[in-house]
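Each chain, written out:
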Protein chains: 2
Amino acid sequence: MINYFTAVKNRLEKILAHRLFWRLTPIIALAFTSVAQAATEEGGAAHSAAFTFLWIAVLLIAAKISNLVEKFGQPSVLGELVIGVILGNMALIGIHWFEPIKTDPIITFLSELGVVILLFQIGLESNIAKMKQVGLKAFLVATVGVITPFVLGTYVVGPWILPGLSSNAYLFLGATLTATSVGITARVFKDLNKLQIPEAQIVLGAAVIDDVLGLIILAVVSAIVTVGSVGLGVITWITAKAILFLALSIIIGQILAPYLGKFFAKIQTGVGMKLTLAVSFGLFLAFLAQMIGLAPIVGAFAAGLILDPVHFKYFKDPQVVEDVKEVISEYPDQNLKEKMNKALEHHSHRHVEDLIEPIGFFLVPLFFVHTGINVNLQTMFNLPVLMVALGITVAAFVGKIVSGLVAGKVHKWLVGFGMVPRGEVGLIFAVIGRSLGVVSEEVFSVIVIMVILTTLATPPILNYLLKKMDNPPAPQDSVKNSPSAV
Amino acid sequence: MINYFTAVKNRLEKILAHRLFWRLTPIIALAFTSVAQAATEEGGAAHSAAFTFLWIAVLLIAAKISNLVEKFGQPSVLGELVIGVILGNMALIGIHWFEPIKTDPIITFLSELGVVILLFQIGLESNIAKMKQVGLKAFLVATVGVITPFVLGTYVVGPWILPGLSSNAYLFLGATLTATSVGITARVFKDLNKLQIPEAQIVLGAAVIDDVLGLIILAVVSAIVTVGSVGLGVITWITAKAILFLALSIIIGQILAPYLGKFFAKIQTGVGMKLTLAVSFGLFLAFLAQMIGLAPIVGAFAAGLILDPVHFKYFKDPQVVEDVKEVISEYPDQNLKEKMNKALEHHSHRHVEDLIEPIGFFLVPLFFVHTGINVNLQTMFNLPVLMVALGITVAAFVGKIVSGLVAGKVHKWLVGFGMVPRGEVGLIFAVIGRSLGVVSEEVFSVIVIMVILTTLATPPILNYLLKKMDNPPAPQDSVKNSPSAV
């Protein structure tokens, strides 16, 4: 039977030679179409796991195709958001295949896991010393970036552009404008290899503090709406809880990490252990953050910040590094040894990041495509709502851009625009407001459009600012002389 | 504030010095306990994503701790199964913390995804040429390994040990004994680095064919139970569908893979693209297999078998390989270059496997711990049921061990025991039988115990056989002369 397969295969290959294959692509596309159609119709109750496998494959391939935007100088995250918007709104032109993705709870979870992994990766690439350097600036940026949009939304643009609502509705509208969604900005900096510049560090730090402040505002605003007023004690307790979480997790984490490393190295020193420890630590802090009422991504970022290559010193290097060292060890040339060690050191040092990278490749695009998929373009078809939303969006932009002014001697626009994207947190506020009865359907749509516009507009703007800021690349010679500089 | 953190941290570190830290571990354990308790009580409706983060971290760390069994010469999969059984049955001693894991649909999905990734990895490490060599033997082993337990269960041990049931009940009992769950065996071979020996290849091939045969038997038996009889046409159609799927996916896959590689390399040649293509392909075939009525792992295995390093020739090597090559390129020593290229070739060649490995480290243990967690030890407390189950389990063992007899000139016991583990497929049969009303609660418990025993007993037996079979390790000199042999 197997020889028959080979014969058929060879025959088919001959038939398909000379790029005739490409003429067949419409047929293949048709076959896929009918499978997808069947998939949608069957509903996916019995085979839900299998359909989720399909959706993951579709989202990953769509994400990669969308990365073509890199050829036009745009960060790949923009492509992923846009392809998501396209897939999620195909129903508008009568194609309903991708609708099940929106309601698949497992895809939703995987995308949340994706953004947790992303912030953990970004935490790993940041370090505490650098964050300390920008700590004060980040605090100032966060404070201004929370107060300005809150005041603008609650007392200025809200009442002016949406007259006649209750003061509680304006309070909620202002609150939704406060919290930066750091995922988008961080991805842009990461895509363009700029995570290490001070602007990126300020934005990352400010976004974390921002989340804490946003949490406090949400708690206070909710209390005002439900109880009518709120005591200083409650505000203090919420604030203390959030600050304590961050402080304690960083302090205890830094103390425990080396002991944990030593303890687990006694069980196994392989790469599997290294990866498991790192990922589990990130997920555990994400869980703790959520328990305390913060976004899980804040915990994941803190975990990444705490973990340091030095905590993994008891674990093995990548196999390839060991292999190369073995070959080199037989050669007497001291100069070669030094050069090679320098080239390899970077890879030993980066090993945890490298191990997590494939998990990131697998999960992170799911978050961004999924974010795009849940953008409902129909909300934009109502002209009055759209006009109001544009006004609120301007307030959202202005409120964050001014926060860049207090960032000190850095590229102020970059910091300001970096703080602009709103995301899940804003939407969570809106959902809570709706459940409390203060946020109407109309205001909810306005908030959704604001989130869409801040999210989609920021990547190209940051990209433009970063490319303009760039000095011309370093001269070729210096690169040649340092082989490890890649 | 940050300086205050540092001060507190230093202070704390001093206090904790001299291993005093270890005296604190009970307190830390207590803190964790109360968090876990709170978690369980709160139910996890609102914070379900966060709790799933916690469960993933707990399962991963538990899996790694369980890998201590390696120090006692056992394969790590056994440790993962056993720690799962322990966590899943803590309720028996009054600890209910881990109960939510059993019903968490996301953990269930991730564990299914884990076994799909495992079979995909195993497919990547196998290759079609080798599978062809063992094709006939695998077919014989599969056929004998399906017919013997089916006949034993339906006509011999079933009626003898469980007298008075309907003939349909015996039919279902026999059917549940047919399908090997390849995950366990494959992990043992992989843990001990034995995937390339002919016995492993025969078992893998036979397990795939086995699944096809099992599918046919299930369809036929279900038809007999519901309709009362079954036409030859239906049997032929089911059989043809399954064989066509495997044949076509292998043929079309082999033809398309290079074109797809070329096409996607035009978008991006980075490691992200390489990984995405591979994973998406595996998930897509897993989906197709399920659509056709086969287990998703069969599709994932076929996908791994089809993908070959050569399909990724347009994509980049790992960065470390490029860096090392750059250092070496400046050295005139031709001998060194050759040695280094030889050492690096293996890593370029293995790159896709290496990229998927971290995803495997993350997801595969979830499957095995989760399998263990769902083992309900209470089913074993009913003595009459347990006695019957032991009888059926003996039939399950004997039925598969005899299949090793037709495996030709290889270690027959190894092949036979390799086919023993039953898993999801047997349980799926049992669930279908129960829903059709032919499998009673008692018979269901018997089947569950049979699955537990075949699953838990096989890893140590295979481990013993493999270690006994091993020749003494190759002399030290030959290893030293070939640096790439690691």
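What counts as what
The residue count restarts for each chain, going from 1 along the sequence in the order it is written. The lettering of chains begins at A and the numbering of ligands begins at 1, in the order of writing. At least 70 in pLDDT is required for a residue's local features to be given in this predicted model, at least 80 for side-chain atom pairs to be given and counted, and no such filter applies to totals for whole chains, interfaces and linings, which use all residues. A run of H or I in DSSP becomes a helix once it reaches four residues, and a run of E becomes a strand once it reaches two; helices and strands are each numbered from the N terminus. Residue burial here comes from a neighbour count, namely the number of other C-beta atoms, placed from the backbone, that lie within 10 Å of the residue's own C-beta, with 20 or more meaning buried, 12 or fewer meaning exposed, and in between meaning partly exposed. Where helices are involved, their axes are fitted lines through C-alpha atoms of the stretch in contact, as for all axes, and angles between N-to-C directions lie from 0 to 180°. Angles are sorted into four bins: roughly parallel if under 35 degrees, roughly antiparallel if over 145, roughly perpendicular if 65 to 115, and oblique for all others. Left-handed is the label given to a crossing in which the near helix is rotated counterclockwise from the far helix by less than a right angle, and right-handed is the label when the rotation is clockwise. Here, residue contact means that the backbone-derived C-beta atoms of the two residues sit within 7 Å. Only buried residues count toward a nonpolar core: Ala, Val, Leu, Ile, Met, Phe, Trp, Tyr and Cys, linked into one set through C-beta atoms within 7 Å. Three classes are used, and their members are as follows: Ala, Val, Leu, Ile, Met, Phe, Trp, Tyr, Cys and Pro are nonpolar, Asp, Glu, Lys and Arg are charged, and the others, Gly among them, are polar. Here the copies were fitted onto each other by least squares, based on C-alpha atoms from residues at pLDDT of at least 70 in both. Expected span, for any helix, means 1.5 Å times one less than how many residues it has. pLDDT gives the predictor's per-residue confidence on a scale running from 0 to 100.

Before we go on, may I ask you to explain the overall build of chain A in this structure?
Looking only at helices and strands, chain A has 22 helices and 0 strands in total. Within the span of chain A, comprising 486 residues, buried residues form 49% of the whole.

Please explain the packing of helix α13 (residues 271-292) of chain A against helix α14 (residues 296-306) of chain A as it appears in this structure.
Residues and elements named next belong to chain A. Across the interface, α13 lies against α14 with an axial gap of 7 Å and an inter-helix angle of 140 degrees. On the basis of their axis angle, the class for α13 and α14 is oblique. The way α13 lies across α14 gives a crossing that is right-handed. Side by side, α13 and α14 meet where Phe-281, Gly-282, Leu-285, Ala-286, Leu-288, Ala-289 and Gln-290 of the first sit next to Pro-296, Val-298, Gly-299, Ala-300, Ala-302, Ala-303 and Gly-304 of the second.

Can you walk me through unusual backbone geometry in this structure?
Keep in mind that most residues, glycine aside, have a negative phi and that most peptide bonds are trans. Residue Asn-193 of chain A is not a glycine yet carries a positive backbone phi of 60 degrees. Of note, Asn-193 of chain A is situated in the loop between α10 (182-191) and α11 (198-227).

I would appreciate a short explanation of the nonpolar core in the present structure.
In globular proteins that are soluble, nonpolar side chains generally tend to be buried together. Residues Val-116 and Phe-301 of chain A together with Val-116, Leu-119 and Phe-301 of chain B are the most contacted members of the largest nonpolar core, which totals 291 residues. With residues near it in sequence (within four places) discarded, Phe-301 of chain A still touches Leu-119, Phe-120, Ile-122, Gly-123 and Val-208 of chain A. Counting residues in hydrophobic clusters, the runner-up holds 16 residues, among them Val-321 and Leu-344 of chain A together with Val-320 and Ala-343 of chain B.

Help me understand the interface of chain B and chain A, please; the structure alone is not making it clear to me.
In many analyses, interface size is given as the accessible surface area lost on bringing the parts together. Contacts between the two partners involve 73 residues from chain B and, on the opposite side, 72 residues from chain A. Counting only elements with at least two residues in the side of chain B that touches chain A, the list comes to α1 (2-15), α3 (48-66), α6 (105-125), α12 (232-267), α13 (271-292), α15 (319-329), α16 (334-349) and α17 (351-373) of chain B. If one sorts the elements of the side of chain B that touches chain A by residue count, α13 of chain B sits on top with 12 residues. Of the residues assigned to the side of chain B that touches chain A, the class counts are 52 nonpolar, 13 polar and 8 charged.

What is the right way to read the relation of the copies chain B and chain A from this model?
The operation relating the two chain copies consists of a rotation about an axis and a shift along that axis. Taken as rigid bodies, chain B and chain A are interconverted by a rotation of 180 degrees and an axial shift of 0.0 Å, the fit giving an RMSD of 0.0 Å. What we have between these two chains is a two-fold relation. Relative to the rotation axis, the closest C-alpha in chain B is found at Ile-359 of chain B, a distance of 2.8 Å. Comparing interface residues between copies, 99% of those in chain B also lie at the interface in chain A; the contact surface is shared.

Just checking my understanding: could you explain helix α14 (residues 296-306) of chain B for this structure?
The α-helix advances 3.6 residues per turn, and as a result positions three or four apart in sequence lie on the same side. Most of α14 of chain B is tucked away: 11 of the 11 residues are buried. Of the residues making up α14 of chain B, those classed as buried are Pro-296, Ile-297, Val-298, Gly-299, Ala-300, Phe-301, Ala-302, Ala-303, Gly-304, Leu-305 and Ile-306 of chain B.

Please explain α13 of chain A as it appears in this structure.
Relative to the 32 Å expected for 22 residues at 1.5 Å per residue, α13 of chain A spans 32 Å between its end C-alpha atoms, a close match to the ideal helical length. α13 of chain A sits mainly inside the fold: 20 of its 22 residues count as buried.

Would you explain the environment of Ile-209 of chain A in this entry?
Mapped onto the secondary structure, Ile-209 of chain A falls in helix α11. Expressed as a C-alpha distance, the spacing of Ile-209 of chain A and Val-146 of chain A, which sit 63 residues apart in the sequence, is 9.8 Å.

Please explain the confidence of the model for chain A as it appears in this structure.
Low pLDDT marks regions whose predicted coordinates should not be analysed in detail. Residues and elements named next belong to chain A. In this model, chain A carries an average pLDDT of 79, and 85% of its residues clear a pLDDT of 70 or more. Every residue in residues 15-47 scores below 50 in pLDDT, and together they form 14 contacts with partners more than four places removed in sequence or on other chains. Below a pLDDT of 50 lies the segment residues 472-486, which in the model reaches 13 contacts outside its immediate sequence neighbourhood of four places, other chains included. Note on the complex model: pTM 0.79, ipTM 0.78.

Could you clarify how one ought to interpret the packing of helix α17 (residues 351-373) of chain A against α13 of chain B in this entry?
Packed helix pairs are specified by the crossing angle of their axes together with the interaxial distance, meaning the distance between the axes. At their nearest, the axes of α17 of chain A and α13 of chain B sit 10 Å apart, and the two run at 60 degrees to each other. Here α17 of chain A lies oblique to α13 of chain B, going by the angle between them. Where α17 of chain A crosses over α13 of chain B, the two elements pack in a sense that is right-handed. On α13 of chain B, the residues touching Pro-358, Phe-361 and Phe-362 of chain A of α17 of chain A are Gly-272, Leu-275, Thr-276 and Val-279 of chain B. Looking at side-chain class alone, the contact of α17 of chain A with α13 of chain B contains 5 nonpolar, 2 polar and no charged residues.

Got a minute to help me understand the environment of Val-320 of chain B in this structure?
Counting through the fold element by element, Val-320 of chain B comes out in helix α15. A count of 23 C-beta atoms within 10 Å places Val-320 of chain B in the buried class. As a C-alpha pair, Val-320 of chain B and Leu-344 of chain B span 24 residues in sequence and 9.6 Å in three-dimensional space. If sequence neighbours within four positions are ignored, Val-320 of chain B has contacts with Pro-318, Val-320, Val-321 and His-347 of chain A.

So what exactly am I meant to see when it comes to the environment of Leu-355 of chain A here?
Relative to the helices and strands, Leu-355 of chain A resides in helix α17. Look at Leu-355 of chain A and you get buried, because 22 C-beta atoms sit within 10 Å. Sequence-wise, Leu-355 of chain A and Pro-75 of chain A are 280 residues apart; in three dimensions their C-alpha atoms are separated by 23 Å. Setting aside residues up to four positions removed in sequence, Leu-355 of chain A forms contacts with Val-271, Lys-274 and Leu-275 of chain A together with Pro-358 of chain B.

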